[in-house]
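Residue-level structural notes
Listed here are the chains, written in short residue letters.
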Amino acid sequence: YAAWVRTALALIALGVGFAGYFHLAGNGRVRMFVALGMAFVVGGALMALLATYAYRRAYTSIERDEYGSTVGLTLLLGAIPILLGLLALVLIILR
C-alpha cells in the first residue's frame with residue numbers, strides 16, 4: 001500500500017512539475033505538456049484511490065481469514081504509471 005501511495009504522490013508531483021515548467025517556459029507546445037501534466041495528476045489521484053480501495057479490501061479479507069490477492073486490481077495499479085510513462089515518451093518524441 002505504501003509503495004502505491006508513494007508512486008501516486010510522485011506522479012502528482014511530476015504532473016505539477018510538467019505543467020508548471022512548460023507553462024513558464026513559454027514553449028510552443030504548452031497546451032500539450034500542460035495536458036500531459038494534468039494526465040499525470042489525474043493518474044496519480046486515481047492510483048491513490050485504487051490503492052486505498054485495495055488496502056481496505058485486503059484488510060477486510062485478512063480480518064475474515066480469507067486473504068487472497070486481487071490480480072486485476074494489482075495489474076491496473078501497475079498499468080497506470082506504465083501508460084503515463086509511454087504517453088510522456090510519445091509526447092517528448094513528438095516535440
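Nothing here was measured: the structure is a model prediction, and the numbers come from that model. (Residues numbered from 1 in each chain as written. Predicted model: local features only at pLDDT ≥ 70, side-chain atom pairs only at ≥ 80, totals over all residues. Heavy atoms only, no water.)

**A short note on the overall build of the protein chain**
Along the protein chain, the regular secondary structure elements total 3 helices and 0 strands. Beginning at the N terminus, the succession of helices and strands in the protein chain can be written as α-α-α. The C-alpha radius of gyration computed for the protein chain amounts to 16 Å, which surpasses the reference 12 Å derived for 95 residues by more than 25%, pointing to a less compact arrangement than a globule. Dimensions of the protein chain, computed from C-alpha atoms along their principal axes, come out at roughly 55 × 20 × 15 Å. In the protein chain, which comprises 95 residues, the share counted as buried stands at 25%. In the protein chain, the proportion of contacts linking residues at least 24 apart, taken out of those at least 6 apart, comes to 74%. For the protein chain, the accessible area works out to roughly 6300 Å², and carbon and sulfur atoms hold 70% of it. (Helix = DSSP H or I, 4+ residues; strand = E, 2+ residues; numbered from the N terminus. Rg over C-alpha atoms; globule rule 2.2 N^0.38 Å. Buried < 20%, exposed > 50% of the residue type's maximum accessible area, 1.4 Å probe, protein only. Contact = heavy atoms within 4.5 Å. Areas by Shrake-Rupley, 256 points an atom, 1.4 Å probe, with all protein chains shown as cover.)

**Topic: the nonpolar core**
With 17 residues, the main nonpolar core has L11, F18, L36, F40, M47, L77 and I80 as its most contacted residues. At the level of elements, helix 1 (2-25), helix 2 (30-63) and helix 3 (71-94) are the ones that each hand at least two residues to this core. Counting residues per element, this core draws most heavily on helix 2, which supplies 7 residues. Not counting residues up to four positions away in its chain, the partners in contact with I80 are L11, G43, L46, M47 and L50. (Core = buried A, V, L, I, M, F, W, Y, C linked by side-chain atoms within 4.5 Å.)

**Examining the confidence of the model for the protein chain**
Averaged over every residue, the pLDDT of the protein chain is 84; residues scoring 70 or more account for 94%. When mean pLDDT is taken per element in the protein chain, helix 2 scores highest with 88 and helix 3 scores lowest with 84. (pLDDT = per-residue confidence, 0-100.)

**Details of the environment of R31**
Along the chain, R31 turns up in helix 2. Residues R31 and A19, spaced 12 residues apart in sequence, show a C-alpha to C-alpha distance of 8.7 Å.

**Digging into the pattern of salt bridges**
In this structure the tally under the stated criterion is 1 salt bridge. Close ionic contact of R64 with E66 constitutes a salt bridge, the shortest N to O distance being 3.9 Å. (Salt bridge = Lys/Arg side-chain N within 4 Å of Asp/Glu carboxyl O.)

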